[in-house]
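Remarks on the overall topology
Listed below, chain by chain, are the residues.
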Amino acid sequence: MDSGPTESCKPCNNNVGCIPQNGSSIIHDSHPPSTIASPDSTLGRHLAHRLVQIGINDVFTVPGDFNLNLLDLLIAEPGLKNIGCCNELNAGYAADGYARARGVGACVVTFTVGGLSVLNAIAGAYSENLPVICIVGGPNTNDYGTNRILHHTIGLPDFSQELRCFQTVTCYQAVVSHLEDACEQIDTAISTALKESKPVYISISCNLATIPHPSFSREPIPFALSPRLSNKMGLEAAVETTVAFLSKAVKPVLVGGPKLRVAKATKAFAELADACGYAIATMPSAKGLVPENHPHFIGTYWGAVSTAFCAEIVESADAYLFAGPIFNDYSSVGYSLLLKKDKAIIVNPDRVVVANGPAFGCILMKDFLQALAKRIDRNTTSYENYHRIYVPNGVPLKSEPNEPLRVNVMFNHIQKMLSGDTAVIAETGDSWFNCQKLKLPEGCGYEFQMQYGSIGWSVGATLGYAQSVPNKRVIACIGDGSFQVTAQDVSTMIRCEQRTIIFLINNGGYTIEVEIHDGPYNVIKNWNYTALVDAIHNGEGKCWTSKVRTEEELIEAIETATGEKQDCLCFIEVIVHRDDTSKELLEWGSRVCSANGRPPNPQ
């Protein structure tokens, strides 16, 4: 049984997620013309081999009786490592984080109890356009259609509940209950995930993984996708119309959005930035995708909570080109952006819309930006205007000796830690706003989950991201409320010998919710977080913890984490005042509260 599209118009990144084969098409039949199955030609080995072929070297798992045989074959595959997680939610978040750096990720759980537990993480990956392959060990093939009631279900003989839940948060679903079409289903699911840049669901009956079958050749043909091309006439017309529109503008600007990732267009955006001369900004959820070391970069455009002087330049422009934007209530600060449609060019992954006028479809963003870069007239007016009004950022007030640590002081020191060998993970909450103000050096990674905004995401995502880029040191900024949701998988970080530095910001509650709408439910039970991590460490592996309350203690902790303990997982609990928040969160929270509190429209 399967459902979902088999064709897509999304481009493929030949560096991750697939192997270029001179434009070859999707492989559905990967076996030689032999009817004799090798003992090694099993479904489980075929799946494992495919995962390695598309760039996955780590799979995040929680064992259950329906997936154990499959796990045996996955971990037997050279080049594929099993990362056992503490729960399914974190396994899904880890696959999310892994996909952000590697281009694709995978998790394996058991039927229904595991599937429904990982569902929230898969929904988040769907919202963020991440190809995550969610593999579930399913019931024995003999139990389908028998009216039997199985464990791990809700007590009904209908086994489709899990599938129906996944249908809305994945772009393809494959229920593998017959060996004859298993190869085709698996390959179609994987290819669809890569083409659509969305999660897929693969359920594999527990008694099929170890059975040899002729369709699973010992050495499958390398996996490849056929590249998608832009409509040439449409591309030319879109570029010509855009050049004509922008040439009439006096002070146009260029803004990068989060869909630059799914469109594989970050390099093309940089080419256009170099060519146009415009002031360049990034939307908050695109931080890390737009080069902040570019000479015309002016910061984050986020309406009323933008980088200083950035919103003034963007919103006063007479033309703005947004590449891959998402305008939701969070990114628009409660729908309060001062933008006009008749001034905007919106470039989506496969479509260009020029102001109120024509729209051009079947055009890849990457192709459009590259072609536009060759034709655009250089105009530096908006950046010159920015340069004239710009006043350098101030520095936090100097702390008195043993003064309680302030958040702005902490992030001033985190800024000094950043380099091309680091990456920042920002948890949902005030870290969104504080990390947004960090200036990223070239090569420094940056990730956060803005569209879905699930608190607790960062623990699993940090695990997955760090596992995918072992040469980078990940710096995770996590609030105490979020940490309490998913804290267990610090254990997995230690077991995997990761060197992440976690700043646990202990301010006694859900600060982001406080600034939207306060109440007693935003206050949480305080934990001794360093003691908790020490207990998880339990003398096994490399882990170092510190609790800091002043700037002096913070400086000492950072020196230790980046020096003597640089090969350890370092957990620094930072005690700050409950009301110590960024000014941006105060403004953003009030506007989102206003948007949430709008009365119903008259009937």
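Residues numbered from 1 in each chain as written. Predicted model: local features only at pLDDT ≥ 70, side-chain atom pairs only at ≥ 80, totals over all residues. Heavy atoms only, no water.

The test is simple: UniProt positions are given in the numbering used here, feature names are shortened, and annotations may be inferred rather than shown by experiment.
In the annotation of an unreviewed UniProt entry, the chain is listed under the name pyruvate decarboxylase and assigned to Ziziphus jujuba var. spinosa. Turning to the chain, the UniProt annotation filed under Catalytic activity (unreviewed entry) states: "a 2-oxocarboxylate + H(+) = an aldehyde + CO2". On record in UniProt, under Sequence similarities (unreviewed entry), the comment for the chain is "Belongs to the TPP enzyme family."

**What to know about the packing of aromatic side chains**
Going by this rule: A pair of Phe, Tyr and Trp rings is counted when the ring centres sit within 6.5 Å of each other, with Trp represented by its six-membered ring. The angle between the planes then sorts it: under 30 degrees is stacked, over 60 is edge-to-face, the rest tilted. Strands are runs of DSSP state E lasting at least 2 residues, helices are runs of H or I lasting at least 4, and numbering of each runs from the N terminus. Categorising residues by exposure relies on relative accessible area from a 1.4 Å probe, with only protein chains included: less than 20% of the type maximum marks a residue as buried, more than 50% marks it as exposed, and the intermediate range marks it as partly exposed. Comment: the charge-over-ring label is applied if NZ (Lys) or CZ (Arg) is within 6 Å of the ring centre and within 35 degrees of the ring normal.
What the rule picks out here adds up to 22 aromatic pairs. Ring geometry for Tyr 386 and Tyr 390: centres 5.3 Å apart, planes at 35°, overall tilted. Seen from their ring centres, Trp 432 and Trp 588 are 6.2 Å apart, and the 80° between their planes marks the pair as edge-to-face. With Trp 432 in helix 14 (residues 430–436) and Trp 588 in helix 21 (residues 583–596), this pair connects stretches of sequence that are 156 residues apart. The pair Trp 432 / Trp 588 is uniform in exposure class, with both members buried. Three or more aromatic residues link up through ring pairs in this structure, and these residues are Trp 302, Tyr 330, Trp 432, Phe 433, Tyr 446, Phe 448 and Trp 588. One residue, Lys 198, lies across the ring of Tyr 126, its end atom 4.0 Å from the ring centre.

**Let's talk about helix 9 (residues 266–276)**
Because an α-helix completes one turn every 3.6 residues, residues spaced three or four positions apart along the sequence face the same direction. Filter applied, for reference: Throughout, the arc means that of the directions going from the helix axis to the C-beta atoms. Whether two residues are in contact is decided by their heavy atoms: any pair within 4.5 Å suffices.
Looking only at helix 9, the buried set comprises Ala 268, Phe 269, Leu 272, Ala 273 and Cys 276. The buried residues of helix 9 occupy an angular sector of 145° when projected down its axis, which confines them to one face. In this structure, the buried residues of helix 9 make contact with strand 8 (253–256), helix 8 (259–262), strand 9 (279–282), strand 11 (320–323) and helix 11 (365–375). Gly 277 occupies a position one or two residues after helix 9 and carries a positive phi of about 80°.

**Some details on the sheet that holds strand 20 (residues 569–575)**
So the rule is basically this: Only strands that DSSP links by at least two bridges are regarded as paired with each other. Angular values range over 0 to 180 degrees, each being the angle between N-to-C directions of two axes fitted as lines to C-alpha atoms, with helices fitted over their stretch in contact.
The sheet built from 6 strands is open, its strands ordered 16-15-17-18-20-19 with parallel pairing. The two strands at the open ends of the sheet, each matched to only one other strand, are strand 16 (445–447) and strand 19 (543–548). Neighbour-to-neighbour, the strand axes of this sheet turn through a mean angle of 15°, independent of strand direction. Across 5 bridges, strand 15 (residues 422–426) lies against strand 17 (residues 473–479) in parallel orientation. When the bridges of strand 17 are listed, Val 424 appears paired with Ile 475. Sheet strands touched by helix 20 (residues 551–562): strand 17, strand 18 (501–506), strand 19 and strand 20. Its angle to strand 19, the strand with the most contacts, is close to 170°.

**Details of the pattern of salt bridges**
Heads up, the rule is: Salt bridges are defined as contacts in which a side-chain nitrogen from Lys or Arg sits within 4 Å of a carboxyl oxygen from Asp or Glu.
Here the structure, examined in full by the defined rule, presents 17 salt bridges. With a shortest N-O distance of 3.4 Å, Glu 128 and Arg 100 are connected by a salt bridge. Taken together, the residues span a long stretch of sequence, with Glu 128 in the loop between helix 4 (113–127) and strand 5 (132–138) and Arg 100 in helix 3 (residues 88–102) at a distance of 28 residues. In terms of burial, Glu 128 and Arg 100 fall into one category: buried. Put simply, Arg 164 and Asp 158 hold a salt bridge, and the shortest N to O gap is 3.6 Å. By relative accessible area, Asp 158 is classed as partly exposed at 43%. Because the salt bridges share partners, they merge into one network encompassing Asp 96, Arg 100, Glu 128, Arg 261 and Glu 447.

**Description of the UniProt feature "domain: Thiamine pyrophosphate enzyme central" (unreviewed entry) in the chain**
Those places that UniProt annotates as "domain: Thiamine pyrophosphate enzyme central" (unreviewed entry) correspond, in this numbering, to residues 240–356. Measuring from the first to the last C-alpha atom of residues 240–356 gives 16 Å, for a span that is 25% helix and 21% strand.

**Quick notes on the packing of helix 3 against helix 4**
Let me state the cut-off plainly: Orientation is classified from the angle alone, with under 35 degrees giving roughly parallel, over 145 giving roughly antiparallel, 65 to 115 giving roughly perpendicular, and any other angle giving oblique. Note on convention: the crossing is left-handed when the near helix lies turned anticlockwise from the far helix by less than a right angle, right-handed when the turn is clockwise. Ten residue types, Ala, Val, Leu, Ile, Met, Phe, Trp, Tyr, Cys and Pro, are classed as nonpolar, four, Asp, Glu, Lys and Arg, as charged, and the remainder, Gly among them, as polar.
Running from N to C, helix 3 and helix 4 point in directions that differ by 30°, and their axes come no closer than 7 Å. In terms of orientation, helix 3 and helix 4 fall into the roughly parallel class. As helix 3 runs across helix 4, the sense of the crossing is right-handed. Contacts from Glu 88, Leu 89, Gly 92, Tyr 93 and Asp 96 of helix 3 reach helix 4 at Gly 114, Ser 117, Val 118, Asn 120, Ala 121, Gly 124 and Ala 125. A per-class count over the contact of helix 3 with helix 4 returns 5 nonpolar, 5 polar and 2 charged.

**Considering unusual backbone geometry**
Despite not being glycine, Val 333 has its phi angle at roughly 55°, a positive value. Along the chain, the position of Val 333 falls in the loop between strand 11 and strand 12 (344–348). Look at Val 333 and you get buried, because its relative accessible area is 0%. One non-glycine residue with positive phi stands out, namely Glu 497, at about 60°. Considering the arrangement of structural elements, one finds Glu 497 in the loop between helix 17 (490–495) and strand 18. Glu 497 gets classed as exposed once you look at its relative accessible area, which sits at 68%.

**Remarks on the UniProt feature "binding site: Mg(2+)" (unreviewed entry) in the chain**
Listed under "binding site: Mg(2+)" (unreviewed entry) in the UniProt record, and renumbered for this structure, are Asp 480, Asn 507 and Gly 509. A stretch of 30 residues holds the annotated residues, and the largest C-alpha distance among them is 7.0 Å, short enough that they meet in one place. Examined against the element boundaries, Asp 480 turns out to sit in helix 16 (residues 480–486). Asp 480 gets classed as buried once you look at its relative accessible area, which sits at 0%.

**Focus on the nonpolar core**
Rules: What is meant by a nonpolar core is a set of buried Ala, Val, Leu, Ile, Met, Phe, Trp, Tyr and Cys residues, joined one to another through side-chain atoms within 4.5 Å.
By size, the foremost hydrophobic cluster in this structure holds 102 residues, and its most contacted members are Phe 60, Phe 411, Ile 414, Phe 483, Phe 503, Ile 572 and Trp 588. Residue contributions to this core peak at 7 residues, all from helix 3. Filtering out sequence-adjacent residues up to four positions away, Ile 414 remains in contact with Leu 438, Ile 475, Cys 477 and Phe 503. Among the nonpolar cores identified, the runner-up in size contains 37 residues, and Val 243, Ala 268, Leu 321 and Ile 345 belong to it.

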